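Okay, here's what each chain looks like letter by letter:
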Amino acid sequence: MKNKIELFDSVKRDKVEFIPIDNEVKIYVCGPTVYDNAHLGHARSSISFDLLRRVLLANGYKVTFARNYTDIDDKIINKMAQTGETLSEITNKYIKSYESDMRALNILDPDIKPKATETINEIAQMVNELLIKNYAYRTSSGDVYFDTSRDSEYLSLSHRNQKNEERESRLTKNEEEKRNSSDFVLWKASQNGDLVSFDSSIGSGRPGWHIECSAMINKHLAHQDKAYSIDIHCGGADLLFPHHENEASQSRCATGIELAKYWLHNGFVKINNEKMSKSLGNSFFIKDILQKYSGEVIRFYLLSTHYRSDFNFSEDDLIVSKRRLDKLYRLKKRVKISSDTDIIFRDKLLSSLNDDLNISQTLAELDKFISEANDKLDKKIKDSNISNSIIFINDLLGIGGSDEVEYFKFGLSSDERIDIENLIANRIKAKQIKNFKLADEIRTELNSMNIAIMDSINGTEWERIE
RNA sequence: GGCGGCAUAGCCAAGUGGUAAGGCAGAAGCCUGCAAAGCUUUCAUCCCCCAGUUCAAAUCUGGGUGUCGCCUCCA
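Just so you know, these numbers come straight off a predicted model, no measurement behind them.

What counts, and where the lines are drawn
- Residues numbered from 1 in each chain as written.
- Chains lettered and ligands numbered in written order.
- Predicted model: local features only at pLDDT ≥ 70, side-chain atom pairs only at ≥ 80, totals over all residues.
- Heavy atoms only, no water.
- Pairing = 2+ DSSP bridges.
- Helix = DSSP H or I, 4+ residues; strand = E, 2+ residues; numbered from the N terminus.
- Axes fitted to C-alpha atoms, helices over the stretch in contact; angles between N-to-C directions.
- Contact = heavy atoms within 4.5 Å.
- Core = buried A, V, L, I, M, F, W, Y, C linked by side-chain atoms within 4.5 Å.
- Buried < 20%, exposed > 50% of the residue type's maximum accessible area, 1.4 Å probe, protein only.
- Parallel < 35°, antiparallel > 145°, perpendicular 65-115°, else oblique.
- Left-handed = near helix turned anticlockwise from the far one by under 90°.
- Salt bridge = Lys/Arg side-chain N within 4 Å of Asp/Glu carboxyl O.

**Some details on the sheet that holds strand β8 (residues 205-207)**
Then, in step 1: One open sheet holds the 4 strands; their spatial order is β5-β6-β7-β8, and the pairing between them is antiparallel. Strands with a single pairing partner mark the edges of an open sheet, and in this sheet they are β5 (136-138) and β8. Strand-to-strand twist in this sheet, taken as the mean axis angle between neighbours without regard to direction, amounts to 20°.
Then, in step 2: Bridge count between strand β6 (residues 144-146) and strand β7 (residues 184-189): 3 bridges; the pairing is antiparallel. Paired with Tyr 145 across the strands is Val 185, a residue of β7.
Then, in step 3: On top of the sheet, helix α4 (residues 120-132) reaches β5, β6, β7 and β8; it is set at about 120° to β7, its chief contact.

**Looking at the nonpolar core**
Then, in step 1: Formed by 121 residues in total, the largest nonpolar core has its most connected members in Ile 27, Leu 52, Leu 56, Ile 232 and Leu 397.
Then, in step 2: Sorting elements by how many residues they give to this core places helix α1 (residues 40-58) first, with 8 residues.
Then, in step 3: With 9 residues, the next largest nonpolar core counts Ile 420, Ile 424, Leu 446 and Ile 451 among its residues.

**A short note on the packing of helix α11 (residues 343-353) against helix α12 (residues 359-378)**
Then, in step 1: The interhelical angle for the contact between α11 and α12, taken along N-to-C directions, is 160°, at an axis separation of 7 Å. One way to sum up the angle between α11 and α12 is to call them roughly antiparallel. Regarding α11 and α12, the two cross each other, and that crossing is right-handed. Taken together, the residues of α12 that come into contact with α11 (itself represented by Phe 345, Lys 348, Leu 349, Ser 352 and Leu 353) are Ile 359, Gln 361, Thr 362, Glu 365, Leu 366, Lys 368 and Phe 369.

**Here we look at the pattern of salt bridges**
Then, in step 1: With the rule as written, the count across this model stands at 40 salt bridges.
Then, in step 2: Its salt-bridge partner being Lys 113, residue Glu 99 comes within 3.1 Å of it at the nearest N-O pair. Taken together, the positions of Glu 99 in helix α3 (residues 87-104) and Lys 113 in the loop between α3 and α4 put the pair 14 residues apart, joining distant regions of the chain.
Then, in step 3: Here Glu 406 makes a salt bridge to Arg 417, at a shortest N to O gap of 2.9 Å. In this pair, Glu 406 is assigned in the loop between α13 (385-397) and α14 (414-432) and Arg 417 in helix α14, connecting sequence segments 11 residues apart.
Then, in step 4: Using a relative accessible area of 39% as the deciding quantity, one classes Glu 406 as partly exposed.
Then, in step 5: Salt bridges sharing common partners tie together Lys 322, Asp 326, Arg 330, Lys 333, Glu 461, Glu 463 and Glu 466.

On their own, these measurements won't tell you what the molecule is for.
See below:
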C-alpha cells in the first residue's frame, strides 16, 4: 500500500490524488529549445520536476522520465544564418551546455532524451494520420495546419473561450489560408532557400513546434490501450497555452486517447518582480551564476519556494538560503557517515512532499532535524540515524551529498587555500603563547578575506563566507 | 477585452474553518581567552481593505484595491 500523494492538476485547477495509470509512472517534461544557454527559468523547471521524480521514487514507484530537446526551430535557423554554423553544431553545443548545467544542479538524468530531429518519421506519420482523419489540411504552399474547429475539446485544457481566440488576427503571409485563426502549423513545407528541411512521407519540410512533443510521447512513452497516454505532463506555466493545449488536441485527434492524466506547471522566475525572459533582457544564464555559487547552492535556493509560486530571484536571498544549507553541512562535518534508517524522519520529510510537493514544510522538518541532531551531539547522545538521514535527504532533495569540507571552500584556488591555512597555523601558534592580540589580528585579516573561522577541540575550521 | 495566479512580521516563506510552521536579520543566555559555530529562550493579539456566512475565518461567500502572468516565441 502506497502513501497518498496529491498533486495540483492545472487542467482541473485543483489538488487531486495521484493514481498512476499502471505500475510504472510515465512523466514527460517539455525541455529546452537549444539555441542558447539555459537560464534560471530552465533551472527552476528542471529542479521542480526533478523533485517530483525523486518523491515518486522515494514512495516506491517505478518512474520513466522523458525530457525532450527541441532541436529544430526558427530561432535555431536564425542562429545558423547569423553564425554560419550548421544545425547540429549549434544544437550539440547547447545540448552539451544544458546537460552540464543540469549535472551541476544535481538533476537526475532523464531516462529518455528524445530530439525532434530524431523523431521526423513519427511526426510525419502523426501529421499524415491527422490529414487522413480530416483534422488537418494543406494550404497552397504545402504547409499542413491543424483544424482546431474539428476538435470539440479544444481549449478545454487552458479553459479559454473560442470567441476571444478568434478576435486575434495577427496572420503572417503563409497563414492567410488558415480556416480558423487558432489553427496552428503541424508541418512547414520546404521553400526555396530554406536552410533546413527533412524528407518524409508527407514531403520535404520541417515540423511545427507542438507536434514534436505529441510524436515523441507516442514513440517513447505512450500506453496504447489506456484512457491516457502518460501519467504526468510537466512544463513551465507559459507553456499551458498554446503549447500544451495544441499538443493535447492533436494527440487526442490522432490517437483517440487523452495525452496526459495530470498536467503540472511550474511558476516563473522573476527579476525585480518581472518575468525573466530573453526579450526583457533580464535573464541570467545558469552557467554564469555557477561561476559564483555551487550548483547545489543554486538548487537549494530555487527549491526552497513551492514550485507553483513565482520565484523572485535576488542574490541577497540566495545568500540567506545558503546559510540554511550551510547548517546541514556543518552537521555533516560533525558526524561520520554510516548506515541505518530513521523511519520516522523519513516519513516526515516525505509526507509533506506528498502534498503537492510542499517543500516549505519539508525544509522546516529538515531544520528541526539539524537542530535536534546538533543538540544530541552537544550532549554526546549517540544516534546512529543522523548520518543515514543525511543520505536520505540527498536522495530525496538532491542536497547534502557533496564533501562537507570542500563545500565550504567553493571557488577558492589552491594558492588561496594555502595562504589561509598558513594564517590559521600562525594564529594557533599565537594562541599557544597566549598572544591573543596577534591571534585576533590574524582573525580580522581572515575575515577581511571573507573567511570565517571556528575554534573547536579538534582544531580550527574555516569557511568561505559571502 | 478574455482567462488565471498572488497579497501573511524588517526580509524570504508555510498554513484553506478551530484560534499564526520554518529560515534570515534582531534581543538575552550557555559555551569561548575573545569570537565564530552549536544549543536554549525571545521576536505577527494578527494574516491588503470592506461587508457577509458561522459558536468559530488568514482560511468560506460577495465587493473592492494592488500586483504579476497567459492570450506572439518562451521553463
